[in-house]
Amino acid sequence: MSAASCLRSEDQFLCSICLDVFTDPVTTSCGHNFCKNCINEHWNSNDQYLCPMCKKVFYTRPELHINTFISEMVSQFRQEAQQKASSSSSEQQAAKPGEVPCDVCTGTKLKALKSCLVCLTSYCETHLEPHLTISRLKRHQLMDPVENLEDRMCMKHDKPLELFCKTDQTCVCMLCSVLDHKTHEFVPLKEEYEGKKAELGKTEAEIQQMIQQRRLKIQEIKHSVDLSQEAADREIAEGVQVFTVLKDSVERSLNELIETTEEKQRTTEKQAEDFIKELEQEISELKKRSSEVKQLSNSEDHLHLLQNFPSLKAAPPTKDWTEVSVRPPSYEGTVVRAVTQLEETLSKEMKKLVEAELKRIQQYAVDVTLDPDTANPWLILSDDGKQVNHGDVWKNLPDNPERFSFFYCVLGKQSFSSGRFCFEVQVKGKTEWDLGVARESTNRKGKITLRPENGYWTICLRNGNEYKAFAGPSVDLSLKSQPQKVGVFVDYEEGLVSFYDVDAAALICSFTGCSFTEKLHPYFCPRSNDGGKNSAPLIICPVNQTA
């Protein structure tokens, strides 16, 4: 056993995860040993059960077995290490490079155990004895050994730095207080030390809070990526279900759909990875500062703390992450727009897809009411702000900047500058109308050209059966049936405005790749009543989610 004991080293008993001597060692089925707690925490924080040493993957969580042999060896190793440490502690050691030597020793300088702030001398264990036994020396202030004790003396008066000048924020001696700083406010070093130490405690708490906030932000970003992945998986599944009906002729369309969806997901993941990397970097820097603050806060060296306090009293500059988030991209309309080109073959599948999409979109329904301050004087608005039609009488209203002076238009009171929203409008009985969204800063005086570059994303009905999208130039729309209720859906970040025939569960058209930089308002234009032919009102309807 003695020969084996000579061969034992600490490296033989180190856990490869915590890099410390084994605690409750267990063995995996692949033969590698770890601390029981280490390997359990490793598997709890990872998606796969794999061995950290050989990377073997286990498809179910392996059963861990206590390694009694290793446990006994570790126990013996710990006992031997304790005995060795105990025997060596009784022997005084010569000061090594970087250690504070005893100022009293002659010949070989032993390692100092304490420094006296009164004597300005560092002592080894032997020469420290008088300070521990003699009454008058017991009153001296001892501290962990430090070099350059002369720095604790006033350079001008050669007296110990015992006071802190609050006026000049500097350490001074007793003579300084009656000569150079006689009108200033003073406190003992210890009193100022305690105050600054308390401030450092607050700084440490703030840093820990910042670290926690960034950890929560990482969780939020990861959750956003998970939501995005779920949406991407759903969209791909729907695409596969539709395009498998078309055989070879639609294979290209299917691949394009999948690639578009996965590219959005990759973009989302890349953005999340960049944010996480930046957050982890800030956490690393904050941890470093936290360590420095803790070290300084725990110091008993008054002067050292006060001299280093200004550079550590505040947390390092970091980015404001309050408004930063990773928003899952919108996939609404991807499959629908792809399969409209195959209308004859996919009509039944298309209807199923649109119904599912409407159900998702209707989750973003908002309550919209008409804004009378924007209404053209020829328009009649209902008392509840839900209906508008053209009247025969021009009302004498204030010509405020928000009001449309020429076109028979009105905006919704509500504005949107982020996220997704939808609303539905009944157009039954009308021969002409315009619907959509408008930028808040759009021109509302004189003639208006409805197009995206002017801040309008709209569609219209003309002459009872002509549907157009005002894309600049306008685009004719071919619809199988005349919508009785039109749904408008906007994804602000995605730059998407889509119009739906709610009852037929059919996509009318979409504006894609839009660049929104300010608030958007719902836009309504009932057009002229045309001698009673177009007198029916536009009605903002409650959104009833499909079953």
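Residues numbered from 1 in each chain as written. Predicted model: local features only at pLDDT ≥ 70, side-chain atom pairs only at ≥ 80, totals over all residues. Heavy atoms only, no water.

Caption draft 1: Representation of the overall build of the protein in the model. For the protein, the helix and strand inventory stands at 11 helices and 24 strands. Taken over the C-alpha trace, the protein has a radius of gyration of 39 Å; the compact-globule value for 547 residues is 24 Å, which it surpasses by more than 25%. Based on the C-alpha atoms only, the size of the protein along its principal axes is roughly 115 × 75 × 35 Å. When burial is assessed residue by residue, the protein has 42% of its 547 residues classed as buried. Long-range pairs, those at least 24 residues apart, make up 60% of the contacts in the protein between residues at least 6 apart in sequence. Counting only carbon and sulfur atoms, one obtains 49% of the accessible surface of the protein, whose full area is about 30500 Å². One finds the centroid of the 66 positive side-chain charges in the protein at a distance of 2 Å from the centroid of its 81 negative side-chain charges. (Helix = DSSP H or I, 4+ residues; strand = E, 2+ residues; numbered from the N terminus. Rg over C-alpha atoms; globule rule 2.2 N^0.38 Å. Buried < 20%, exposed > 50% of the residue type's maximum accessible area, 1.4 Å probe, protein only. Contact = heavy atoms within 4.5 Å. Areas by Shrake-Rupley, 256 points an atom, 1.4 Å probe, with all protein chains shown as cover. Lys, Arg positive; Asp, Glu negative; His and termini not counted. Charge placed at Lys NZ, Arg CZ, Asp CG, Glu CD.)

Caption draft 2: Main features of the sheet that holds strand 2 (residues 33-35). With antiparallel pairing, the 3 strands of this open sheet are ordered in space as 2-1-5. Both outer strands of the open sheet, strand 2 and strand 5 (65-66), are each paired with one neighbouring strand and no more. The sheet contact formed by strand 1 (residues 25-27) and strand 2 spans 3 bridges and is antiparallel. Its bridge partner lying in strand 2, Val26 is registered against Phe34. Along the sheet face, helix 2 (residues 36-44) touches strand 1 and strand 2 and points at about 90° away from the line of strand 2. (Pairing = 2+ DSSP bridges. Axes fitted to C-alpha atoms, helices over the stretch in contact; angles between N-to-C directions.)

Caption draft 3: Layout of the sheet that holds strand 14 (residues 410-411). Spatially, 6 strands are ordered 14-23-16-17-18-19 in an open sheet, and the strand pairing comes out antiparallel. Edge positions in the sheet fall to strand 14 and strand 19 (475-477), since each of these pairs with one other strand and no more. Judged from the 2 bridges that link them, strand 14 and strand 23 (residues 520-525) form a sheet pairing that is antiparallel. Paired with Leu411 across the strands is Tyr523, a residue of strand 23.

Caption draft 4: Examining the pairing of strand 18 (residues 466-469) more closely. Burial along strand 18 is one-sided: the residues Tyr467 and Ala469 are buried and none of Glu466 and Lys468 is. When strand 17 (residues 456-462) meets strand 18, the two strands line up antiparallel, connected through 4 bridges. Across the sheet, residue Ile459 finds its bridge partner in strand 18, namely Ala469. Hairpin connection, strand 17 to strand 18: the antiparallel pair is bridged by 3 residues, and Asn463 has positive phi, about 55°. Relative to strand 19, strand 18 runs antiparallel, the two sharing 3 bridges. Following the sheet pairing, Ala469 is matched in strand 19 by Val475.

Caption draft 5: Geometry of the pattern of salt bridges. Applying the stated criterion to the full structure yields 25 salt bridges. One salt bridge in this structure joins Glu493 and Arg327, with 3.5 Å as the shortest N-O distance. With Glu493 in the loop between strand 20 (485-491) and strand 21 (496-501) and Arg327 in the loop between helix 9 (302-312) and helix 10 (334-339), this pair connects stretches of sequence that are 166 residues apart. When the shortest N-O distance is used, the salt bridge between Glu357 and Arg360 registers 4.0 Å. Here Glu357 pairs with Arg360, and both are found in helix 11 (residues 343-361), just 3 residues apart, close to one helical turn. Note on accessibility: Glu357 and Arg360 belong to one class, buried. By sharing partners, the salt bridges in this structure join Lys166, Glu192 and Lys196 into a single network. (Salt bridge = Lys/Arg side-chain N within 4 Å of Asp/Glu carboxyl O.)

Caption draft 6: Spotlight on unusual backbone geometry. In this structure, Pro473 follows Gly472 across a cis peptide bond, with omega equal to 0°. By secondary structure assignment, the location of Pro473 is in the loop between strand 18 and strand 19. Positive phi, close to 50°, is recorded for Ala505, a residue that is not glycine. Although it is not a glycine, Arg527 adopts a positive phi angle of roughly 65°.

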